[in-house]
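# Summary of the model geometry
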Amino acid sequence: MAVLLDVKDLTKNFGGLAAVSDVNLHLDDNELVALIGPNGAGKTTLFNLMTGQTPPSEGSISLRTNEGMQVLNGKKPYHIADMGLARTFQNIRLFKELSVLDNVLISMTSKNKENFFGSLIRTPNFYKTEARLRKEALDLLEIFEMQDLADTLASNMPYGAQRRLEIIRALATKPKILFLDEPAAGMNPEETAALTATIRQIQKDFGITVLLIEHDMSLVMNVAERIYVLQYGKLLAEGTPKEIQSNQAVIDAYLGGGV
Amino acid sequence: ANKAASEGNSASGNTITIGGNFELSGSAAAYGSAMQRGVKLAVNEINKNGGVKVDGKKMKLKLVTKDNKSDNSQAASIATNLTTQTKASAVIGPITSGAGLAALPNMTKAKVPLITPGGTQDSLTLQKNGKVQPYMFRSCFEDSFQGEALARYIYNNMNLNRVAILGDKSTDYAQGLIKAFKKEYKGKVVVTEYYQSGDKDFNTLLTKLKGKEFDALFVPGYYSEAGLIVRQAREMGITQPIVGADGFADPKLIKIAGKKNASNIYYTTHFDAKAPANDKVGKYLKLYKDTYGDDAGTFDALSYDAVYMIKQAIEDQDSTNSVKIAKGLAKLKNFEGVTGSITIDKDHNPQKPVIITKLENGVEAEATAVK
Amino acid sequence: MLQQLINGLSLGSIYALLALGYTMVYGIIKLINFAHGDVYMLGAFWGYYMINQFHVGFWTALIVSMIFCAIVGVVIEFLAYRPLRNSPRIVVLITAIGVSFLLENGMSYLFSSSPRDFPQAMQMVRYHFWGISISNIQILILVTSIVLMILLQLIIKRTRMGKAMRAVSVDPEAAKLIGINVNHTISFTFALGSALAGAAGVMIGLYYNSIDPLMGMTPGIKAFVAAVLGGIGLIPGAALGGFVIGIVETIVQALGFSAFRDAAVYAILIIILIIRPAGILGKVTREKV
Amino acid sequence: MKKNLKFNAIWLLIAIAGWILINVLEGVGIIDQFAENTLVLIGINIILATGLNLIIGFSGQFSLGHAGFMALGAYAAALVTQAIPTPGGFVIGMVAGMILAGVVALIIGMPTLRLKGDYLAIATMGAAEIIRIIIVNLKITNGPAGLYGLPQLANWSLVYVLVVVTTIFTVNFIHSRNGRAVMSVREDEIAAESMGINTTKFKVAAFVFGGMTAAIGGALHASYIQTIAPNDFGIMQSINILIIVVMGGIGSITGTFAAAILLGILDMVMQSFGALRMVLYSLALILIMIFRPKGLFGTWEFSVKRLFNRKKKAKEGA
Amino acid sequence: MLLQVKDLSVNYGVIQAVKGINFEVNEGEIVSLIGANGAGKSTTLHAISGLIRPKAGKILYNDREIQKESSQKIVSGGISQVPEGRHIFPGLSVMENLQMGAFLRKDRDKVKKDYANIFERFPVLEERKNQDAATLSGGEQQMLAMGRALMAAPKLLLLDEPSMGLAPIFINEIFDIIEEIKRNGTTVLLIEQNAAKALSIADRGYVLSVGKIVLSGTGAELLSNDAVQKAYLGG
Ligand SMILES: Nc1ncnc2c1ncn2[C@@H]1O[C@H](COP(=O)(O)OP(=O)(O)OP(=O)(O)O)[C@@H](O)[C@H]1O
Ligand SMILES: Nc1ncnc2c1ncn2[C@@H]1O[C@H](COP(=O)(O)OP(=O)(O)OP(=O)(O)O)[C@@H](O)[C@H]1O
Ligand SMILES: [Mg+2]
Ligand SMILES: [Mg+2]
């Protein structure tokens, strides 16, 4: 299996604080990997670095494309997204005042570009494409059983539904890698269980790689094939769920006795 | 009876409708409301004295005023409103040239004359081809007339040959004056600086001027800013004569500048209490003071005269038809108004003597009529 | 040149004085209070009537005007802005524009729109030294704006009310949860900001000796520009912005580009914003995701 | 596919019917010259406000400089029609104005659209003022006096057609993929970027589009009023357009129409109120905003499709 | 009885989020409210804190009706809340946020001691004392929100999902902290998705479903209840 995303010696300093320091990790094709670590370990920051939201202080991130490995450093977030990296956010960031369907359709824009002047005059092609995109979007919503909510305003939906929509929206960009930042936060065990199943399903159905941050170990240990553990910005451990669960350093720093 | 009567507006019944296209709100409201005061004064006076004599009977004037909020497209729309809805036989206002120009096409379409008491731009009354605009008149001087008169006065009468100009960049009034002045002035214009309407602080520009050598300071602009300029200049120790056009001619100028500072000031004006052109002036000033409890300014007087000009035109033509009134206005000769004896020339500009008044300690010290 | 610097500072202090009030209100409810310039006008008029009708002295007029404007500010906030507490900011902005129109035109309607001379409640004295000349009123305005700036900064940084203001400005909901009375805090801010405008009205009325109902329009916009230039919401920023604009205007005019004075101010504003998108003193906070 | 054609046809019919209706009313004298004048001013305001609504309501960028672009359109059209006083000349002038406005919007937009909220507002306001001051100081524009005696080449029919065309283009743009991308910028820029949307590009596109429509409005204004001066395009003019947008409902084109019509009629009626005019207007403005803070229509849009579907549903239900 | 909620109904426009619920909290207790997303838990807390006016019903605090009182009065009466979504003050430093928590307090010396207590409980906060609170990590913000509420020295602490986004090791700690808060004499009303943990430390609990209370009992009773097991404990 070839490396899809390669992170080398990645460092991010905020003033004197090294939020991420010297991190090396890789994601392969079709993998489901988890990133865990104590609060403030730098997990979200690492996501931000990989998706271009935050420029790294040092190190490199590269993605395998048709033209070989390409360095992502310095690229704008939209460019990186276009290349196949999609994400959700720790604090939900939906397009609140738009419908659920529009939320999904917007994510399809970058893969279905439209000429500016073409958008002023409605060609038959316009209607054809619109119809096709609409269908694709509804199909995506169906995976999460949200097709009935298509016309609801995003902000009017319960919390759990909003989290699911964020995942669908990310999927709609047709990513190669999906980054999920605490997708189960605020969900009860039952909902978390349902989410676990869906994540596994989409990873298989779409044939994509998923990297997820999560503090809910019932989810992490159930879905992850590999786990990276971050502490104080540094990689503390890497391994299968089994290995991680029995890693004393991880237990001391993160898991505690409860799991 | 004739073709002319079927065109334009005529009075119906016993009242002649006069339209007022006034700047009652917005940036020119101070001038627009002065216009309204003058017009109302005249209309009430005329009605009190019996009205306008047409066809052997006395008809009353009815004033219909609209506020154009100092906005050109509103001025245009009101021109249509007053001519087509109100059916005014003549319209007074707007007071600014810009609004007047905007109103003009609609006035012309309706064939109703417009008298502006304050639109001084030279080309206001002229068409592109140089012919006169048949329905545009004014009771005020045009810019070139005053600008040139001042240029001559400064050079010939005062014998001053170096002038500094501090003018309002945002009004065409000041720009027109500057242009005419520069054309006519035989001496040297040392420096020209600009301010904007609404400015209050002129210290920087005056400091700059103070360092230059000049014999007189020419300030084309209105009293609201000119008053401040005079004050700040005098406080700064600029003692040279300050010269202005009829924009100075308002009692407010002295109040804002302060009596002490309002010395060695020269400006063109239309009437002067000290050297009244005729017996109307004194009466007018008293009536104004009694009615409004305040001293009359220039715009009030010019607007007052505009109404009487219309009355004269109606009586001369013996018709309330707007086309006829326009004709009558164009033929107006030696009409005695408070702003002087007016003859309308072929370009629809009033020919009247211009008076140059000198202020000393806030009072008019001397007045000279110049040609 | 030194004289021009004095001119610039004195002009700038007027902008600064107005910008302070702008920035305070903006700081707390993120409202560009378009009516601020008009409250300043009301202050000038109130001072005018106090001096003319009741023959009070300058200082009394100043204080009475400040109180009057504080009340006006609170009433405006209560009637026009408070009902829109949960509406989009731009809606409140339009309301503020409406209030501004109302004050300008209402005053024009009631008291005529022509300018009037401000009673000389304080004799103007000019001091000449080192080849420059400065008047007592210029010094008064300059000193007042600096003192007020420091005072305001102290209020915001040191007092309980200041603390409450900061809390309300960043998260009114959370402010309620720690026991802050959000409405009172906002009222207080309006009172303070409007009192400043009132003070400015009397001082500037006295300085220029001319007041009219539209006098707040241009300085209002300039003060807003000043507040933004310095970093809107920041007290020192407002003062700095005011002085910068005053000095820029002076320099441009002194160099002989008086026709382009305002264009230069706006050009500098745009350039500074491009370099520092949150104003000279403002810090850009990249949102953490 | 056929359905789409049908809805478009219905819209076209409504537009044509409106034109015929107004012409008939004019023929029988119900609409006189004054009313027509009012309609034209309303039409021009609709064009201006629709463009601004695209910028503010849909892309979420707070522009306070719309009058600047209007000025560019007005002066371009005025200067060209002075030289070529024919309808063709007007078209050339208007297009020139649009291109000029587009280019200037691009130049202004590129750097300033990085600014947020009120910082952007003031930067755009400043840019518009700079445009105005340059016009005041240019010879070709005749300084503060402006240009006058322009040939009247814009009439009510032309205004109507251009209202229809700009509205269609704007609405089409909004309901396209690009339009949705523009809206996502308004909603959440960070999320939009993460979904592969080049937010800068779309912000600038909306800004340029809005600027170009403002130029159309300006050109019509110049040619209809026949007089333009720099003071017509000051901050107050930008604010007046903004008021239409907000009063109609930010993000509702239907609302823009309604507010432009309401304010246009109010403007005409109020002419007779003398000095009280602006007092009443400002009171009305404040009260409308307090009692309808979402604007007259919120974000609601009139839609033939929905009307049609509702009827169908009702039928099915029966 | 410290807090008594009687027939409380709360609406958002036409949506009825809370439909006539009754419950009480006795002095010195930990009472837990559990329920699915959108059940109306947060809404109930908002009503108690005075952020939203109930449509009907009463809220009695120390036998005084507070449902119409301003939030300021309620807070000064000793009710403090850690809101859902943290709501820390962005742009203010961590220390300033904590100071804000003590806004109404006048006992300066005691306040100083409390800062020390907070830093002892949440050492990260001391490390980050001068950092802009907006740049804290999710979990750090959660701790700050809790610290801020404690700085008010409340009699009744309302906690809305305090464990959300916290690392497992810290979740245990946070529940220990809640128990400790109780031992120090503060009564706690706790909302949690982590129902197992919440119920295990709660004296009593209520189950909320679609705006209504469907079950109540001691923590232990609810923990062993089949329906609760199934719906909220993932069993
Ligand atoms: N812009 C910033 N400026 C200063 N410090 C920052 C900034 N962004 C993040 N940090 C710090 O970097 C560290 C890592 O934050 P990050 O959000 O990546 O943590 P995390 O692992 O996602 O934690 P959690 O699980 O609590 O969300 C934290 O201590 C945080 O305070
Ligand atoms: N501001 C609001 N406007 C309209 N409806 C709202 C608002 N806030 C909450 N609701 C609705 O009220 C209901 C109860 O919401 P509430 O936030 O109290 O639930 P909760 O039990 O706290 O859920 P969660 O576990 O997701 O926090 C939900 O249906 C929600 O959609
Ligand atoms: Mg995180
Ligand atoms: Mg909740």
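An account of the accompanying structure is given in this report. (Residues numbered from 1 in each chain as written. Chains lettered and ligands numbered in written order. Predicted model: local features only at pLDDT ≥ 70, side-chain atom pairs only at ≥ 80, totals over all residues. Heavy atoms only, no water.)

### Re the environment of Met-164 of chain E
With respect to the helices and strands, Met-164 of chain E occurs in the loop between β7 (156–160) and α7 (168–183). Each C-alpha atom of the pair Met-164 of chain E and His-46 of chain E lies 18 Å from the other, and the pair is 118 residues apart in sequence. Residues within four places of Met-164 of chain E in sequence aside, it is in contact with Tyr-159, Ala-185 and Gly-186 of chain A together with Arg-86 and Gln-142 of chain E. (Helix = DSSP H or I, 4+ residues; strand = E, 2+ residues; numbered from the N terminus. Contact = heavy atoms within 4.5 Å.)

### Notes on the nonpolar core
By size, the foremost hydrophobic cluster in this structure holds 302 residues, and its most contacted members are Leu-206 of chain B, Tyr-81 of chain C together with Leu-242 and Ile-243 of chain D. Here the element with the most residues in this core is helix α8 (residues 182–208) of chain C; it accounts for 14 residues. Among residues more than four places away in sequence, those in contact with Tyr-81 of chain C are Leu-31, Asn-33, Ala-35, Ile-76, Val-92, Thr-95, Ala-96, Val-99 and Phe-190 of chain C. Grouped together as the second largest cluster of nonpolar side chains are 51 residues, Val-104, Val-220 and Val-223 of chain A together with Ala-167 of chain E included. (Core = buried A, V, L, I, M, F, W, Y, C linked by side-chain atoms within 4.5 Å. Buried < 20%, exposed > 50% of the residue type's maximum accessible area, 1.4 Å probe, protein only.)

### Quick notes on empty space enclosed by the protein
In total, this model carries 14 cavities of 30 Å³ or more according to the counting rule given. Within this model, the second largest cavity holds a volume of roughly 210 Å³. Lining the second largest cavity are 17 residues; nearest its centre among them are Asp-199, Lys-200 and Asp-201 of chain B together with Leu-11 and Tyr-15 of chain C. Broken down by secondary-structure element, the contributors of at least two residues to the lining of the second largest cavity are α1 (2–29), α8, α9 (217–230) and α10 (235–254) of chain C. (1 Å grid on protein atoms, 1.4 Å probe; cavity = no way out; pocket = protein on both sides within 12 Å on 5 of 7 lines; lining within 4 Å. Points joined across faces, edges and corners; volume = space filled by probe spheres on them.)

### Considering the interface of chain D and chain C
At the junction of the two partners, chain D supplies 37 residues and chain C supplies 44 residues. Of the roughly 3600 Å² buried at the junction of chain D and chain C (both faces included), carbon and sulfur atoms supply 84%. Counting across the interface, chain D meets chain C through one salt bridge. Between Arg-89 of chain C and Asp-118 of chain D there is a salt bridge, with its nearest N and O atoms 2.8 Å apart. Sorting the residues of the side of chain D that touches chain C by element identifies α4 (87–112), α5 (117–137), α10 (235–248) and α12 (277–291) of chain D as the ones contributing at least two each. Top element by residues in the side of chain D that touches chain C is α5 of chain D. It accounts for eleven residues. Residues that form the side of chain D that touches chain C fall into these classes: 30 nonpolar, four polar and three charged. (Buried area = accessible area lost by both parts, 1.4 Å probe. Salt bridge = Lys/Arg side-chain N within 4 Å of Asp/Glu carboxyl O. Nonpolar A, V, L, I, M, F, W, Y, C, P; charged D, E, K, R; others polar.)

### A look at the site of ligand 1
Around ligand 1, the structure places 23 residues, and the nearest of them are Lys-43, Thr-44 and Thr-45 of chain A, Lys-288 of chain C together with Gly-139 of chain E. Nearby residues around ligand 1 are contributed by chains A, C and E. Within the side chain of Asn-39 of chain A, one N or O atom sits 2.9 Å away from an oxygen atom of ligand 1. A distance of 2.7 Å separates an oxygen atom of ligand 1 from a polar backbone atom of Lys-43 of chain A. The fraction of the free accessible surface of ligand 1 (640 Å²) that becomes covered by protein chains is 92%. Under a 2 Å grid-point criterion requiring more than half of the atoms, the pocket assigned to ligand 1 is the second largest pocket. Those elements that provide at least two residues to the shell around ligand 1 are β2 (17–28) and α1 (43–50) of chain A together with α6 (138–151) of chain E. Of the residues in the shell around ligand 1, the class split is six nonpolar, twelve polar and five charged. (Near = heavy atom within 4 Å. Polar contact = N/O pair within 3.5 Å; in protein donor to acceptor, adjacent residues only side chain to side chain. Areas by Shrake-Rupley, 256 points an atom, 1.4 Å probe, with all protein chains shown as cover. Sits in = over half its atoms within 2 Å of the grid points.)

### Examining the arrangement of the chains
With seven pairs of chains in contact overall, the greatest share of contacts is found between chains C and D. Looking at chain B next to chain E, you find no contact at all, with the nearest C-alpha pair sitting 39 Å apart. Regarding chain D and chain E, the two do not touch, and the least distance separating their C-alpha atoms is 15 Å.

### Looking at the coordination of the magnesium ion (ligand 3)
Residues and elements named next belong to chain A. Summarising the metal site, the magnesium ion (ligand 3) is bound by the protein donors Thr-44 (OG1) and Gln-90 (OE1), whose distances to it range over 1.9 to 2.2 Å. You can see Thr-44 sitting in helix α1 and its partner Gln-90 sitting in the loop between β6 (85–87) and α3 (100–108), a full 46 residues away along the chain. Judged by its relative accessible area of 9%, Gln-90 falls in the buried class. (Donors = N, O, S within 2.8 Å, 3.2 Å for Na, K, Ca; no water.)

### Thoughts on the site of ligand 2
Neighbouring residues of ligand 2: 14 residues in total, closest Gly-38, Lys-41, Ser-42, Thr-43 and Glu-84 of chain E. Taken together, the residues near ligand 2 originate from chains A and E. At 3.1 Å, a backbone N or O of Ala-39 of chain E approaches an oxygen atom of ligand 2. Between ligand 2 and Lys-41 of chain E there is a distance of 2.8 Å, counted from an oxygen atom to a backbone nitrogen or oxygen. Across the complex, the protein chains shield 70% of the 630 Å² of accessible surface that ligand 2 would expose by itself. A per-element tally of the shell around ligand 2 places helix α1 (residues 41–49) of chain E first, with three residues. Residue classes in the shell around ligand 2 are distributed as five nonpolar, six polar and three charged.

### Side note on the interface of chain A and chain D
Listed per partner, the contact involves 39 residues of chain A and 29 residues of chain D. Summed over both sides, the interface between chain A and chain D buries roughly 3100 Å², with carbon and sulfur atoms accounting for 59% of that surface. Looking at the side of chain A facing chain D, the largest losses of area belong to Tyr-78, Leu-120 and Tyr-127 of chain A, adding up to 20% of the total buried there. Note that Asp-188 of chain D is salt-bridged to Arg-93 of chain A, the shortest N-O span being 2.9 Å.

### Let's talk about the layout of surface pockets
Each pocket or cavity is described by its volume, and for the second largest pocket that value is around 1000 Å³. What lines the second largest pocket is a set of 47 residues, among which Leu-17 and Gly-40 of chain A together with Arg-128, Ser-137 and Glu-140 of chain E lie closest to the centre. Contributions of two or more residues to the lining of the second largest pocket are made by β1 (3–14), β2 and α1 of chain A together with α5 (123–127), α6 and α7 of chain E.

### Observations regarding the coordination of the magnesium ion (ligand 4)
Residue and element names in this part refer to chain E. Only Ser-42 (OG) and Glu-84 (OE) from the protein coordinate the magnesium ion (ligand 4), and they sit 1.8 to 2.4 Å from it. Of the two residues, Ser-42 is situated in helix α1 and Glu-84 in the loop between β6 (79–82) and α3 (94–101); the sequence distance between them amounts to 42 residues. On the basis of relative accessible area, Ser-42 is assigned to the buried category, the value being 14%.

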